[in-house]
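Here are the chains, one letter per residue:
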Amino acid sequence: MGSLKDWISSQLVSMSLVSSRPLSGSDSFFREEPSHEGFVDQGAAHSNTSLTPPILPDTSPSVGSDQENQSNPSRQHVVVENSDQSRNGSGKKKMDPLVRIEDLKVKFLRLLLRLGLSQNNLLVAKVLYRIHLATLIRAEESDLKRVNLRSDRARAVAAEQEASGLPEMDFSLRILVLGKTGVGKSATINSIFDQTKTVTNAFRPGTDHIREVVGTINGIRVTIIDTPGFLPSSTGNFRRNKKIMLSVKRFIRKCPPDIVLFFERLDLINASYNDSSLLKLITEVFGPAIWFNTILVMTHSSSALPEGPDGYPVSYESYVRKSTDMVQHYIHQAVSDSRLENPVLLVENHPQCKKNIIGEKILPNGQVWKSQFLLLCLCTKVLGDVNTLMKFEDSIQLGPSSASHMPSLPHLLSSLLRHRSVVSPSGVDIEVDESLLSDTEGEDEYDQLPPIRILTKSQFERLTKSQKKDYLDELDYRETLYLKKQLKEEYRRRMEIKLSKEENCASNDNSDRQQASQEEAVLLPDMEVPPSFGSDCTAHRYRCLVTGDQWIMRPVLDPHGWDNDVCFDGISLETALQINSNIFTSVTGQMSKDKQDFSIQSECAAAYSDPSGTTYTVGLDVQSAGKDTIYTFHSNTKLRKLWRNTADCGVSLTSFGNKCYIGAKLEDTISVGKRLKFVMNAGQMVGPEQVAYGGGVEATLRGRDYPVSNDNVSLTMTLLSFNKEMVLGGNLQSESRLGRNLRVSVNANLNSRKMGKICIKTSSTDHLQFSMVAAFTIFWALLRKKDVKSTSHE
Ligand SMILES: Nc1nc2c(ncn2[C@@H]2O[C@H](COP(=O)(O)OP(=O)(O)OP(=O)(O)O)[C@@H](O)[C@H]2O)c(=O)[nH]1
Ligand SMILES: [Mg+2]
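Parameters and conventions
Residues numbered from 1 in each chain as written. Chains lettered and ligands numbered in written order. Predicted model: local features only at pLDDT ≥ 70, side-chain atom pairs only at ≥ 80, totals over all residues. Heavy atoms only, no water. UniProt positions renumbered as here; feature names shortened; annotations may be inferred. Donors = N, O, S within 2.8 Å, 3.2 Å for Na, K, Ca; no water. Helix = DSSP H or I, 4+ residues; strand = E, 2+ residues; numbered from the N terminus. Buried < 20%, exposed > 50% of the residue type's maximum accessible area, 1.4 Å probe, protein only. Phe/Tyr/Trp six-rings, centres within 6.5 Å; stacked < 30°, edge-to-face > 60°. Axes fitted to C-alpha atoms, helices over the stretch in contact; angles between N-to-C directions. Left-handed = near helix turned anticlockwise from the far one by under 90°. Contact = heavy atoms within 4.5 Å. Nonpolar A, V, L, I, M, F, W, Y, C, P; charged D, E, K, R; others polar.

For the protein, the name recorded in an unreviewed UniProt entry is Translocase of chloroplast 90 chloroplastic, with Prunus yedoensis var. nudiflora as its organism. Recorded in UniProt under Cofactor (unreviewed entry), the annotation for the protein is "Mg(2+)". According to the UniProt record, the Subcellular location (unreviewed entry) comment for the protein is "Plastid, Chloroplast outer membrane".

**Considerations on the coordination of the magnesium ion (ligand 2)**
Taken together, Ser 186 (OG) and Thr 207 (OG1) make up the full set of protein donors to the magnesium ion (ligand 2), lying 2.0 Å away. On the criterion of sequence distance, the pair formed by Ser 186 in helix H6 (residues 185-193) and Thr 207 in the loop between H6 and strand E4 (211-217) is long-range, its members being 21 residues apart. Classification of Ser 186 by relative accessible area gives buried; the value is 8%.

**Focus on the packing of aromatic side chains**
Each aromatic ring pair is characterised by the separation of its centres together with the angle its planes make. In total, this model carries four aromatic pairs according to the counting rule given. Judged by centre distance (5.6 Å) and plane angle (75°), the ring pair of Phe 262 and Trp 291 falls under edge-to-face. In this pair, Phe 262 is assigned in strand E6 (residues 259-265) and Trp 291 in the loop between helix H8 (276-286) and strand E7 (294-299), connecting sequence segments 29 residues apart. The exposure classification of Phe 262 matches that of Trp 291, with both residues buried. A ring pair is formed by Phe 460 and Tyr 471, whose centres lie 5.7 Å apart and whose planes are at 50°; its orientation type is tilted. Taken as a pair, Phe 460 in helix H14 (residues 457-462) and Tyr 471 in helix H15 (residues 465-502) lie far apart in primary sequence, eleven residues in all. A residue is classified by how much of its surface remains accessible, and Tyr 471, at 14% relative accessible area, is buried.

**Description of the packing of helix H7 (residues 238-253) against H8**
Where H7 meets H8, the closest approach of the two axes is 10 Å, and the angle between their N-to-C directions is 35°. Between H7 and H8 lies a crossing whose hand is right-handed. Residue-level inspection shows Phe 238, Asn 241, Lys 242, Met 245, Leu 246, Val 248, Lys 249 and Ile 252 of H7 in contact with H8, the latter providing Leu 278, Leu 281, Ile 282, Glu 284, Val 285 and Phe 286. A breakdown of the residues in the contact of H7 with H8 according to their chemical character gives ten nonpolar, one polar and three charged.

Given below as structure tokens:
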């Protein structure tokens, strides 16, 4: 059962520091075994965990113009040399983990300085952020201030220590290479050391036994374990490949590597690429955890690019992305988990490879791949060390999620309280109708307006500034009145139809009008098109029209879906049906299906409104959650006691797995005038042996032009109690038009746990306003930078 804390965190989506990618894994690959002699293990426990740096969607594998790259999950055995320990020799002394993390961070920054790698790299920032995050998760409340202050000091300390060369740093890397024969494992090892350390062969398998290649790069001792290549996966080679893997596994048992490099040839990845069986065998032999600290290495990265559908070579970035995505996809299949994201290293070993002025090999995108290699290895290892220190063991395991998910009671309760089922025959919000009905003042205001002359563009240009403003204000005013009038007319028309139907003497005229209105074809908004959009592909070009029929069916775009070319893996469906004058039903749903997964989300509801104004609703919601399905049956009764007061009571029954959750709520809505509305509710959700209570009050003030414009401010207070914990929350939401071309919406919330978020959205069609927003953002960023600086000085 999810706790209240989880629920609160989930409410603050944008603050989801804890919602990063998998943090660790545990399996048989890396055991707690003595480290290699090359490492100085000063008493820190070896571990089998990993810490995955935050992988932001904007970072594509190695295709950035600079060396910014995505980072990776990593898992290493740990070398935690700590300066104090190495000096006083008390290697076994247990230190405060926060101090040790601090030392590790300083060491990481020192290594970057030593290797001449930029500290302002995105990847570095991500690693530092991850370290900070991990520290925050583990830090006690009293340590938080300390942690925040320290994070700014690390750079200065690193620079100081590196300048003086003290304390001495002992850092080494142990790397295992794996891949098919001929992909360039040995050639890459030679390129890394800049000398021929191992044999390569262009025509037959070059490496016939496992061997360690040791060397030094910029003062760092690097040991690479070269292995014989696997044979192309076919049943005939299965036994041989397994034999190689088992011998590698035996070899690394005593001294496990920090990093695994898995090789593929970039130029050989095409639509027919499929190495699933080999990847599955690797996973089976070494355990899924091997992938946690694996870097994908793509050799032959300067090969000629293939032609695209237009006859021109595809862009380097998209080619690399597509190829690496494909390999990653098969790794996901092998581990049955799509959360894993391995970093990618592009390599070119050809002697004629392009070089920069200082003789470093560069890729077509200008990247110096060797320094990228060092950076990736460094980050992978450091994150693994942090992971061990912070004891993130067993936090997450790769593989299909076997643990059954439990819905959280607070979550179920808050969604029950929020759920307001208004089923109306026309799909129009009943409240809008009411508000229109009550608005009789400005009845024919629009018709009484004096005529206005619409100016041409050149006439408008000739007006003075104040005249222009007056003219546009007048147009706005007229537009609002016109829209109000239209809404009212539409409402009246619907009422007429309803009345005539009720009297059961619908005239031909009326039914004709209704028929006509139903058959009017409406153009639906354009669909999102796949990134691989091609004008020749008919599936990418069609538009949707809704005609008289009641069903709206549309394909759903999933750019990350199984079918990269078509991208439509799902279908959405909507329908609303009026069975008789009092009963309405509606069904909306979305389904997607690919080779492995099937997911569905649907809501069906039926409403009966009796002539006294009371509405009874029943509904069934079906939603996929992983491999399970959640069924929620809900029923609602909306009593219309008085004109301005609506009472609502609802019950819900949720079934998930083999558990049932029963909820009930009471709600009362009071409207004061046309613009002010109060909603109060209270509810309870009962699960197996647990109960959650909650309730809230919401006040909404609408703008003068409601429902034509949607200006409003609403203030909500909620109280939730679960497991003897109580959370009070407040939410402010407002949407308004500031000036003619600028809309601003603000959403801010805060709860008694001092967690909250503020979100401001603006939209404008004016260039001036755009530049104002940009200027404001830059000003804000500068202000924040100043704040950070002053904090660090303190
Ligand atoms: N053009 C080009 N050729 C490469 C590249 N990497 C490797 N080669 C060539 O590919 C051939 C095979 O490379 P090896 O390093 O022996 O391959 P391997 O993966 O070690 O093969 P095994 O030892 O059999 O597992 C050699 O002739 C290399 O020169 C590369 O990035 N670009
Ligand atoms: Mg080799």
